[in-house]
Amino acid sequence: MTQHDSPILPAHRPGASRQAPEAPDDPSPSRTTRPWMPALQYTLGFLTVYLLAICTPWGQRAENALFDLGGGNPEDVWIYPLSGAEYGSTPLPPLELSAKPTLMVGLAVIVVLTLVLRCWRQGCAALGVVILTTGSQDVLKSTILPRPDLVGARESLLDQGFPSGHTAIPAVLTLAAVLLVSPRIRPYVATAGVLWLACIAAYSATNGGHRPSEVLGATLLACACYGLATWLLPPAAVPGATRSPRALHVITLTLALAIALVSGARSDTLTRSLVSAVAGFICAALVWYAAVGRPAHTARRTRPALD
């Protein structure tokens, strides 16, 4: 019996069973690849909006035609009293002269949260995202991305710049806050931010201050800078999966659409109101996906490697 049983014993290799659990420790593409694709996608989207809407005659004609709809009176905008343009009215941040104070307050809040929470990497990344977005939009608007006159437009239509600075502020401050807060409250912070963005973007597109392409460009620029920050951060410092109630996605986007419709509404033209509302809603959806949707998707993709 011993002679017959002895060949069987080597077939059982304890070393092999001990080595099996070590396989997940090996690096795999799903765990080592950094999330650089979102930054590239948002950058390509930004350039596509600029090329199609501003560098083509038909794109310029389509957007210039919006300014000819209605009477052109800013008081026809439903929320005009909140714009700060009306004498004695308090502007809704960051409209009119409240843009720079809003930005300064946002930067101060980021610094305070960084010191209190001691999240140094995330805090530096949040500051970098805000400074890069707001600084680059000024440079892009003034020097790098001009608006050529391809259709012989009147002079008043050549003043607006791409991208919109007023829209960039709520977009980038929302994304900066997402980098700092805990996963438990991150969806609710993102909800408040995208509702604010939907209001500002829709109003900026409908009051004559900016075109729809300019508010979309500002939002895509903020998302691209946020994607760049999450790519450069160490994996441990990148915002992880965001577990939010499924109903919150529907509620947030529904409220964003409703706010965009009200903020973009005018009494003199339905078409311009709807186009502005759609632009504001798209801006809100882009930031919502960047802040809440994309991290959760990344986590689901990498979970099998951790089992």
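Residues numbered from 1 in each chain as written. Predicted model: local features only at pLDDT ≥ 70, side-chain atom pairs only at ≥ 80, totals over all residues. Heavy atoms only, no water.

Caption draft 1: Focus on a nonpolar patch on the surface. Nonpolar side chains collect at one region of the surface, where Trp 36, Met 37, Leu 40, Leu 44, Leu 47, Leu 51, Leu 132, Leu 228, Trp 231 and Leu 232 lie side by side and expose about 890 Å² of accessible area between them. Counting residues per element, the ones that place at least two in the nonpolar patch are α4 (37-54) and α10 (212-232). By the secondary structure assignment, Met 37 is in helix α4. Look at Met 37 and you get partly exposed, because its relative accessible area is 35%. (Patch = residues over 30% accessible without salt bridge, like charges linked within 9 Å, V, L, I, M, F, W, Y side chains within 5 Å. Areas by Shrake-Rupley, 256 points an atom, 1.4 Å probe, with all protein chains shown as cover. Salt bridge = Lys/Arg side-chain N within 4 Å of Asp/Glu carboxyl O. Helix = DSSP H or I, 4+ residues; strand = E, 2+ residues; numbered from the N terminus. Buried < 20%, exposed > 50% of the residue type's maximum accessible area, 1.4 Å probe, protein only.)

Caption draft 2: Spatial organisation of the pattern of salt bridges. Taken as a whole and judged by the stated rule, the model has four salt bridges. A salt bridge links Asp 68 to Arg 154; the nearest nitrogen and oxygen atoms lie 3.2 Å apart. Residue Asp 68 is located in the loop between α5 (57-67) and α6 (99-117), and its partner Arg 154 is located in the loop between α7 (120-144) and α8 (165-180); the two are separated by 86 residues in the primary sequence. By relative accessible area, which is 42% here, Arg 154 ends up partly exposed. The closest approach of N and O atoms between Glu 214 and Arg 211, which form a salt bridge, is 3.5 Å.

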